[in-house]
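# Coordinates in review
What follows is each chain in one-letter form.
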Amino acid sequence: MQTSEQCIYGTFCFVFQPGHLAIPEAYTRAPDLLPHRTDLIIQDTECKISTFSFLEALSLPVSRQFEKVVLSNELANNLHPQEVRPGIAVATVTGTLVSKDNRYTLEPLELSEIDVEKPQESNAAAERHTDRQKSCHLWGSVMVEDLLRSLAKRGICDVQVESNQGGHTLHLAQDDAMIQLDASGTHIITHGNEALRINIRDSLLECVTQF
């Protein structure tokens, strides 16, 4: 008696339809050198499209949802809160999110399988694992006077400050760059000058508290 087995292989394609699409404005028109190439235009979509241009910020209709996450006892016992101001303490958390029966638990981050498979490197792997969990967080406001002094230490002296109710704008005329300071954050515009961006970043880090 002979039996035969038949295996069927197939390719499955899953298509996800976005609810809202944000694309550069250039994608909504044909290239200037190829005006007849309408096939390169993103159009006739079933969802709403928002376009943006260079250095433009959009307000997208993204709804936030919150879910309750429980800290495991082991992870909670290893927290080390630090007081950032009287009556307020902050602790950083790094862990593995475990989902089971629609319940979410944050458990300690375990060593990777690669580290476990190499017992002779267990000490070094543990040190690397500890270093990966270390984090640096910034808090506080940036004082314009402190930032100007920090920039001057790095040779950036030609700075014009423009202040308004929303915050401060620093124009670096010599470098054709700009720094915006407001309540929502800090924005750095250097037009691709990476060395200048790093100097501005380091100057800002000197002006805020870290933990």
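Fair warning: this is a prediction, and the values are worked out from it, not measured in the lab.

Conventions and cut-offs
Residues numbered from 1 in each chain as written. Predicted model: local features only at pLDDT ≥ 70, side-chain atom pairs only at ≥ 80, totals over all residues. Heavy atoms only, no water. Helix = DSSP H or I, 4+ residues; strand = E, 2+ residues; numbered from the N terminus. Buried < 20%, exposed > 50% of the residue type's maximum accessible area, 1.4 Å probe, protein only. Contact = heavy atoms within 4.5 Å. Pairing = 2+ DSSP bridges. Axes fitted to C-alpha atoms, helices over the stretch in contact; angles between N-to-C directions. 1 Å grid on protein atoms, 1.4 Å probe; cavity = no way out; pocket = protein on both sides within 12 Å on 5 of 7 lines; lining within 4 Å. Points joined across faces, edges and corners; volume = space filled by probe spheres on them. Nonpolar A, V, L, I, M, F, W, Y, C, P; charged D, E, K, R; others polar.

### Here we look at the overall build of the protein
Helices and strands together make up the secondary structure of the protein, namely five helices and 13 strands. When the 211 residues of the protein are sorted by exposure, 16% land in the buried category. Of the contacts formed within the protein by residues at least 6 apart in sequence, a portion of 44% connects residues at least 24 apart.

### Some remarks on the environment of Pro108
Position of Pro108 relative to the elements: it lies in strand β7 (residues 103-108). Residues Pro108 and Asn78 lie 30 residues apart in sequence; the distance between their C-alpha atoms is 9.2 Å. Residues within four places of Pro108 in sequence aside, it is in contact with Ser72, Glu74, Leu75, Gly95 and Thr96.

### Points about unusual backbone geometry
In the Ramachandran plot, Asp101 falls in the positive-phi region, its phi being about 55° despite a non-glycine side chain. Its place among the elements puts Asp101 in the loop between β6 (95-100) and β7. One non-glycine residue, Asp176, lies in the positive phi region at around 55°. Along the chain, Asp176 falls in the loop between β10 (167-172) and β11 (177-182).

### Some details on the sheet that holds β11
With respect to topology, four strands assemble into an open sheet ordered β9-β10-β11-β12, the strand pairing being antiparallel. Each edge of the sheet is formed by a strand with only one pairing partner; in this case those strands are β9 (159-164) and β12 (185-189). Going from strand to strand, the sheet's axes swing by 15° on average, the running direction of each strand aside. One ladder, built from six bridges, connects β9 with β10; its direction is antiparallel. For Val159, the partnering residue across the bridge sits in β10 and is Leu172.

### A few points about the side chain of Ser72
By secondary structure assignment, the location of Ser72 is in the loop between β3 (69-71) and α1 (73-77). The class of Ser72 is buried, set by a relative accessible area of 14%. Beyond its immediate sequence surroundings of up to four residues, Ser72 is in contact with Thr105, Leu106, Glu107 and Pro108.

### Here's the deal with the layout of surface pockets
One way to see where empty space is left: roll a probe the size of a water molecule over the atoms. Taken as a whole, the second largest pocket encloses approximately 320 Å³ of empty space. Forming the walls of the second largest pocket are 16 residues, and the residues nearest its centre are Gly140, Val142, Leu181, Thr186 and Val208. Listed by contribution, the elements that provide at least two residues to the lining of the second largest pocket are β8 (138-139), β10, β11, β12 and α5 (194-205). Sort the elements by how many residues they give to the lining of the second largest pocket and α5 lands first, with three residues. In terms of residue class, the lining of the second largest pocket is built from eight nonpolar, six polar and two charged.

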